[in-house]
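Given next are the chains, with one letter for each unit.
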Amino acid sequence: MITFVLPGGSPQNRPWLNETAKILEVPGVIRPIIWDHWEDSDQKFIPEEKASLIDKVARGEEINIVAKSIGTLVAALMINKIPYQIYKLILCGIPLQDLNEDEKDTIKGALASLAPEKILCFQNESDPHASYAEVSEFLPVGVKVISKPRSDHEYPYFEDFNEFLKA
């Protein structure tokens, strides 16, 4: 089992990435993904390329994904390539307001390809990138969305992550 942690695009997501990877209590390997453009501003962030590279690391293994913000799009692209390898998926802060229609369709289609019980979504009540209400309406029927009483794009719900991944 490999658990991939896919952060948001901004370098300010590094603390969330590190904390999530440190606190997760799951069997197998935990792979926090550091985006290239964090280290080298000349690198361009292309979600499709990131998903393809990560898929190669998965090498047929069963995987969990914990994704935040633009990492949710990378997760969806991975799911579209290897849906049979997904064990559990946690999405945090889907940034609907920052995505184009094709990207939204990619996420919606990927999630529809998985059994709803494999997916858990956290969306802060007033996340500036999409509210809980917007994300609840967007997601396929049956996908559980947990609202948290925050008005930011931070998702420090590590114990909740562990509870879902262990179930």
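Above this text sits the structure in question.
Residues numbered from 1 in each chain as written. Predicted model: local features only at pLDDT ≥ 70, side-chain atom pairs only at ≥ 80, totals over all residues. Heavy atoms only, no water.

**Q** Where do I start with the packing of aromatic side chains in this structure?
**A** Two numbers describe a pair of aromatic rings. These are the distance of the centres and the angle of the planes. One pass over the full model with this rule turns up six aromatic pairs. For the pair Trp35 and Phe45, a centre-to-centre distance of 5.0 Å together with 75° between the ring planes defines the contact as edge-to-face. Placement of the pair is Trp35 in the loop between β2 (29-32) and α2 (36-39) and Phe45 in the loop between α2 and α3 (47-58), with a sequence separation of ten residues. A relative accessible area of 1% places Trp35 in the buried class. (Phe/Tyr/Trp six-rings, centres within 6.5 Å; stacked < 30°, edge-to-face > 60°. Helix = DSSP H or I, 4+ residues; strand = E, 2+ residues; numbered from the N terminus. Buried < 20%, exposed > 50% of the residue type's maximum accessible area, 1.4 Å probe, protein only.)

**Q** Before we go on, may I ask you to explain the packing of helix α4 (residues 71-81) against helix α5 (residues 101-112) in this structure?
**A** Each pair of packed helices can be described by the angle between their axes along with the distance between the axes. One way to put it is that α4 packs onto α5 with a least axis distance of 8 Å and a crossing angle of 55°. When the axis of α4 is compared with that of α5, the two are oblique. In this structure, α4 meets α5 at a crossing whose hand is left-handed. Contact residues: Thr72, Leu73, Ala76, Leu77, Ile79 and Asn80 in α4; Glu103, Thr106, Ile107, Gly109 and Ala110 in α5. A per-class count over the contact of α4 with α5 returns six nonpolar, four polar and one charged. (Axes fitted to C-alpha atoms, helices over the stretch in contact; angles between N-to-C directions. Parallel < 35°, antiparallel > 145°, perpendicular 65-115°, else oblique. Left-handed = near helix turned anticlockwise from the far one by under 90°. Contact = heavy atoms within 4.5 Å. Nonpolar A, V, L, I, M, F, W, Y, C, P; charged D, E, K, R; others polar.)

**Q** In this structure, what is going on with the packing of α3 against α4? I would like to understand it.
**A** Contact pair α3 / α4: the axes reach a minimum separation of 8 Å and the direction vectors enclose 55°. Considered as vectors, α3 and α4 are oriented oblique to each other. When the axes of α3 and α4 are compared, the crossing they make is right-handed. Counting all contacts with α3, which are made through Pro47, Glu48, Lys50, Ala51, Ser52, Ile54 and Asp55, the residues of α4 involved are Leu73, Val74, Leu77, Met78 and Lys81. A per-class count over the contact of α3 with α4 returns seven nonpolar, one polar and four charged.

**Q** Sorry if this is basic, but what is going on with helix α7 (residues 158-166) here?
**A** One turn of the α-helix equals 3.6 residues, which is why residues spaced by three or four share an orientation. Within α7 the residues assigned to the buried category are Phe158, Phe161, Asn162, Phe164 and Leu165. Angular distribution of buried residues about the axis of α7 spans 165°; they occupy a single face of the element. Opposite its buried face, α7 presents the exposed residues Glu159, Glu163 and Lys166, each directed more than 90 degrees away. Of the surrounding elements, those touching the buried residues of α7 are α1 (14-23), β3 (63-68), β4 (86-92) and β5 (119-124). (Arc of directions from axis to C-beta.)

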